[in-house]
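Each chain is listed here by its residues.
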Amino acid sequence: MSRKAKIINPIRMSKIFQPMTTSGSLNSGDGAKIVSKSHKLMINYGIIKPLSTGMYALLPLGMRILNKLINLVDKEMANIGAQKILLPALTSAMLWKKTNRYDANKAELFTLTDRYKKEYILSPTFEEAICDLISSIGQLSAKSLPLKLYQISSKWRDEMKPRLGFLRSREFIMKDLYTFDTSLDNGRHTYDLVCESYSNIFKQIGVEYKKSIGDVGTIGGLMSHEYHYVSDIGEDIILQCSSCHFSINRTISKTMSCPKCKNELHQHIAAEVGHTFLLDTKYSQPLKAMYTEQNKSKPIVMGCFGLGLSRIITLVIEILSTNDEIRWPVKLAPYTICVITPKAGSKEENTSAYVEQLFEIFYERDIDAILDDRTHETIGKRLVFARASGYPYIIVIGKPAIQSIPLFELHDVNNSTYRELSLDQISDYFNNIKFKN
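Residues numbered from 1 in each chain as written. Predicted model: local features only at pLDDT ≥ 70, side-chain atom pairs only at ≥ 80, totals over all residues. Heavy atoms only, no water.

Draft legend 1. Local environment of helix H11 (residues 423–431). Among all positions in H11, only Leu423, Ile426, Ser427, Tyr429 and Phe430 are buried. Buried residues of H11, seen end-on, are gathered within an arc of 160 degrees and therefore sit on one face of the element. If you follow the buried residues of H11, they end up packed against strand S19 (337–340), helix H9 (354–364), strand S21 (393–396), strand S22 (408–412) and strand S23 (417–421). (Buried < 20%, exposed > 50% of the residue type's maximum accessible area, 1.4 Å probe, protein only. Helix = DSSP H or I, 4+ residues; strand = E, 2+ residues; numbered from the N terminus. Arc of directions from axis to C-beta. Contact = heavy atoms within 4.5 Å.)

Here it is in structure tokens:
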């Protein structure tokens, strides 16, 4: 598509598939009451659509948000040398039995049997599958390590009581990274490297997070850290020191005093959005994921690292939004800018010619924007809708645009500011804002 064609053919709101729902008819797909702000807003404004218990369709705007988050993650993974793969959704149940995880987790596993009577698991996590992949290649050489492989895909868990949208759903979207090293010391170095990368991801999203010492749980390993957003809809309680910022999950803390500075630990309700594990050889040894060094065969030291992408999207809405309006971090908003044209038949109608000039400004700066071309609606009604949908910047072509020096209303929604700017001033304004990851 040529540059000119792209400028004069912006994405139009009238063409977006965005089914709206009134709060009075909301349910979670099985008649259950919706109790969280984020769950309500995501359904109300056409981000997701419940289809069955704990299962949701991501609609076009939801996919744009997810893809922006994936792009952010992909860039950060590339910075640490991680390579992207995609594993089959089904994992042989036999592999889970070899690692002694099958019986302990069976109640939450979706399982099926194929025509040859072979049992599979619809995978909630992929430690066994990735080890089987490495084992099938044969023994790796020490020179090929460290190796970092990750995927972004749907995972499944047969939740007894799905609730709060993607916070506790049966299908969720997760980024899982698996690292392979020759020794525990090297594995610890890789672990620290990935943890730093995760911190970079959360800093770019821009919502305050907490990194806490975590419980290794059913995944196991030598140590674990959890990444949390503090939120009343969370299901974890973390303990944090306000002085030295030491943080730990309450389930594994034996004291309410900080082990570093002895000050009191304060409780926070939080929701987990990331989890890291130093596994050592828990999975590589039974599944024969090996490497060779000086003609000796040894199990690979592993780490695994998860990011709950659908949980992150849910929680940033929960934390940033009002009861009636979504607020997106700029880097995750479905569109950064929404342009509202004059109402059909109004005195300002002929100012719509400025649309092309505005979109040229955005295009030159690689800023994504959407045009609210529903000119049968008033500007006021469309402005309310754009605010509620969470577009960080709204530009209105209204009465000031018919002045001798045309001005345009610029609403910075996240910062609650409003100003009237000329085209040149709008160009300068967006020159001074960093949007890219």
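Draft legend 2. Structural context of the pattern of salt bridges. Going through the model one piece at a time under the given rule, you end up with 19 salt bridges. The salt bridge partner of Lys381 is Glu377, with a shortest N-O separation of 3.4 Å. By relative accessible area, Lys381 is classed as exposed at 52%. Overlapping salt bridges bring together Arg157, Glu159, Arg163, Arg168 and Glu235 as one network. (Salt bridge = Lys/Arg side-chain N within 4 Å of Asp/Glu carboxyl O.)

Draft legend 3. Structural view of helix H10 (residues 379–389). Inspection of H10 places Ile379, Arg382, Leu383, Phe385, Ala386, Ala388 and Ser389 among the buried residues, and these make up the whole buried set. Buried residues belonging to H10 abut S19, strand S20 (369–372), S21 and S22.

Draft legend 4. Summary view of the layout of surface pockets. Approximately 990 Å³ is the volume attributed to the largest pocket. Forming the boundary of the largest pocket are 37 residues, of which Arg157, Arg168, Ile219, Glu272 and His275 lie nearest the centre. Within the residue set of the lining of the largest pocket, elements represented by two or more residues are strand S10 (171–181), strand S15 (265–280) and strand S18 (301–308). (1 Å grid on protein atoms, 1.4 Å probe; cavity = no way out; pocket = protein on both sides within 12 Å on 5 of 7 lines; lining within 4 Å. Points joined across faces, edges and corners; volume = space filled by probe spheres on them.)

Draft legend 5. Looking closely at the sheet that holds S23. Read across the sheet, six strands follow the order S1-S20-S19-S21-S22-S23 without closing on themselves; strand pairing throughout is mixed. Only two strands of the sheet have a single partner each, and these edge strands are strand S1 (11–12) and S23. Bridging between S19 and S21 involves four bridges; their strand directions are parallel. Each residue of the ladder has a partner; that of Cys338, found in S21, is Ile394. Running over the sheet, H9 touches S19, S20, S21 and S22 and is turned about 165 degrees from S20. (Pairing = 2+ DSSP bridges. Axes fitted to C-alpha atoms, helices over the stretch in contact; angles between N-to-C directions.)

Worth remembering: the numbers are spatial, not functional.
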